Amino acid sequence: AQTSQTNWGELIRAAATNASLKHIYWPEIERVVAEQIRSARMGLGKGAWQLFVEDGEMKMYRREVEEDGLVVDPLKATHQVKGITGRELCHYFFYPEYRYDWEGTLETMNVVDKIAEDTILFHQIHKRIWPAAQRDATFWSHLTHVPDEEEKSEDSPHIWATVNNSVELPSHPPNSGKQVRIYLTIILMGQTIISPAAKGRELKRDDITCKITYCAVVNPGGWAPSSVLRAVYKREYPKFLKRFTAYVLEKTKNLPIKL
Ligand code: 6CM
């Protein structure tokens, strides 16, 4: 079974493209992705997580944390969606061509550099939320998969994850225009569960369930009233996870299952 001893770095390296492995960002990508997978898999543990949204299978928890007077509440959400795989989930989250379809907070998205098929650098401008200044973000995004050792059989599907993490890009210095730079670390992870009833016959979408974990820490980077920010998160995170998973269901419903 996977334990805290699991060498996530090794598993992430094994899945990465050569172009990603050769990039100067790789050591940081490997470290952050490993850390994010480890903590996403840990469950809620003993931390002071408070449930703030429950809607069917979707549960969202937050810890109230402030740094220098700014709300940076870590968010942890779990969800279960029948009919999609972890790989499909992370595919639509990672690739830029779909982003405007599901990302409701977005004003503009630019691909600054496609480092590799599995690593992309983004600059995004988000919609302004009154009364605060508009925000932007620069981050790398990495798509990976690791074996699911909880599942016994060798050919059980991998766990897929996309991790987004802020990075300074000389081409886009922070706080130089009208936007305030936000700093984010986000993981979306999907584990595919196959119903035992499907054994020995062709797999149908009814036979698969995706167990989703989404964790986010966003530092607003500058003045934003705490109560407004918490109210925005309470509205926007559930809206995002519902809308995004409905989108993946719709996009994949007539496609062959990608495990
Ligand atoms: O993870 C999500 N989206 C990814 C792709 O776009 C990416 C983006 C993260 C940025 C999320 C922060 C947007 C909120 C900006 C508001 C800042 C505060 C303004 C002050 C208000 C008083 O990882 C889905 C993100 C879902 C967002 C809730």
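The preceding data block contains the structure.
Residues numbered from 1 in each chain as written. Predicted model: local features only at pLDDT ≥ 70, side-chain atom pairs only at ≥ 80, totals over all residues. Heavy atoms only, no water.

Undergrad: Which residues make up the site of the ligand, and what values do they have?
TA: Around the ligand lies a shell of 21 residues, among which Glu103, Gln124, Asn164, Ile186 and Tyr214 are the nearest. A distance of 2.6 Å is found between an oxygen atom of the ligand and a side-chain nitrogen or oxygen belonging to Glu103. A total of 700 Å² of accessible area belongs to the ligand in isolation, and the protein chains cover 98% of it. If you list the elements that add at least two residues to the shell around the ligand, you get helix 5 (99–102), strand 7 (119–126), strand 11 (183–194) and helix 6 (226–252). It is helix 6 that contributes the most residues to the shell around the ligand, 5 residues altogether. (Near = heavy atom within 4 Å. Polar contact = N/O pair within 3.5 Å; in protein donor to acceptor, adjacent residues only side chain to side chain. Areas by Shrake-Rupley, 256 points an atom, 1.4 Å probe, with all protein chains shown as cover. Helix = DSSP H or I, 4+ residues; strand = E, 2+ residues; numbered from the N terminus.)

Undergrad: Any details on the environment of Thr209? Residues and values, ideally.
TA: Position of Thr209 relative to the elements: it lies in strand 12 (residues 208–219). Filtering out sequence-adjacent residues up to four positions away, Thr209 remains in contact with Gln80, Val81, Lys82, Ile84, Gln191, Thr192 and Ile193. (Contact = heavy atoms within 4.5 Å.)

Undergrad: Which residues make up helix 1 (residues 8–15), and what are the values?
TA: For helix 1, the full list of buried residues reads Trp8, Gly9, Leu11 and Ile12. All buried residues of helix 1 lie within an arc of 165° about the axis, which places them on one face of the element. Looking at the buried side of helix 1, the elements it contacts are helix 3 (26–41) and strand 8 (135–146). (Buried < 20%, exposed > 50% of the residue type's maximum accessible area, 1.4 Å probe, protein only. Arc of directions from axis to C-beta.)

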